[in-house]
Every structure is written in structure tokens, then in C-alpha cells.
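# Chain and residue survey
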Amino acid sequence: MIAEDIDNIELKIDLENVSEYKVYKDFDTILVLNNEGCADFINGFSCKGILKFKQACIDGFDFEYLTSHHRSPLAVVCGVIDIESSNERWSDFYFSVDPITGNLEKLCVAR
């Protein structure tokens, strides 16, 4: 369950297993990771509680945590699922999140 006061309006979103959420008011977006541990999907809601998108993670990665990045205010850090068999040389990466579609774009290594 998410309960947030946005501009003096109480918003409630009924989701189970919410591990983390972040409000990006300037983009009318609330990003939600709703799984224990690493999440398989990221949900995007409007600040009125309307589902905008449900985005799966990029193949080979799991969502780790929500954040911001100087190249993208809406960002998420994703970790490589199996670093030993991956072509990646680093385990964690920043991805931008499109506030309308939820599409992910790899930005850079997360250190």
C-alpha cells in the first residue's frame, strides 16, 4: 500500500509487496518497485494514482533501487543477474526511465 500526500491531496495506491516507491512530481510520475528483494517489474503511476505503465527489466538484469541521475531525473539501478556468464564487466548500472512509456535506457555504471 502506498499512501502519499501530494499537494494536500491524499493518494492511496493498493499494491502488495511494495519494496520502494519514489514520487517525481515534476513528471507526474510515481515509480514503484513491488517485490521483496530484486523486482521483476517497475510500475509507473500518475500522481492521481492511475497506472501509466508496467515495465519488465532488461534481459539479464534485475531492478535494485530507484534513484535519480544527472542525465535522467527518473532512474533506476539494475544489477546483472549472473555476472559470471554475462558480457558485462560491471555488476550494477543506471537506467533512465521514460515517464510516459516506462522504457529503459542504459546510462552508465553505478558505483
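Going by the structure above, here's the rest.
Figured I'd write up the structure that's included with this text. (Residues numbered from 1 in each chain as written. Predicted model: local features only at pLDDT ≥ 70, side-chain atom pairs only at ≥ 80, totals over all residues. Heavy atoms only, no water.)

### Description of the nonpolar core
How we decide: Here, the term nonpolar core denotes a set of buried Ala, Val, Leu, Ile, Met, Phe, Trp, Tyr and Cys residues that are joined through side-chain atoms within 4.5 Å. Summary of the burial criterion: residues with accessible area below 20% of their type's maximum are buried, those above 50% are exposed, and those between are partly exposed, where the area comes from a 1.4 Å probe applied to protein chains only. We count a stretch as a helix when DSSP gives it H or I for four or more residues in a row; a strand needs E for two or more, and each element gets its number in order from the N terminus. The criterion used for residue contact is that any of the two residues' heavy atoms lie within 4.5 Å.
If you look at the biggest cluster of nonpolar residues, it comprises 17 residues, and the most contacted ones within it are Leu31, Ile42, Phe63, Val76 and Val97. Listed by contribution, the elements that provide at least two residues to this core are β4 (29–33), β7 (61–69), β8 (72–80) and β9 (92–97). Sequence-distant contacts of Val76, that is, excluding residues within four places in its chain, are made with Ile42, Phe63, Tyr65, Leu66, Thr67, Phe93, Tyr94, Phe95, Val97 and Leu104. Listed in part, the nine residues of the second largest apolar core include Ile2, Leu11, Phe45 and Cys47.

### As for the pairing of β4
Stated formally: Strand pairing is assigned whenever DSSP identifies at least 2 bridges connecting the two strands.
Judged by how many residues are buried, β4 sits mostly within the fold: five of five residues are covered. Residues of β4 alternate between two faces, with Thr29, Leu31 and Leu33 on one and Ile30 and Val32 on the opposite face, all of them buried. As defined by bridge partners, strand β3 (residues 20–24) adjoins β4 across five bridges and the pair is classed as antiparallel. Paired with Val23 across the two strands is Ile30, which belongs to β4. Between β3 and β4, which pair antiparallel and follow one another directly, the connecting turn spans four residues, one of which, Asp28, has a positive phi of 50°. In terms of strand pairing, β4 meets strand β5 (residues 41–45) through four bridges, oriented antiparallel. Residue pairing in the sheet places Val32 in a bridge with Asn43 of β5.

### Topic: the sheet that holds β9
Cut-off, in case you're wondering: The axes are straight lines fitted to the C-alpha atoms, using for helices just the contacting stretch, and the angles between their N-to-C directions are given from 0 to 180°.
Strand order across the open sheet formed by four strands is β7-β8-β9-β10, with antiparallel pairing between neighbours. If you trace the sheet from one side to the other, it starts and ends with β7 and β10 (104–109), each paired once. Neighbour-to-neighbour, the strand axes of the sheet open up by a mean angle of 35°, direction not taken into account. For β9 and β10, the ladder comprises five bridges, and the chain directions are antiparallel.

None of the figures reported here should be taken as evidence of function without further support.
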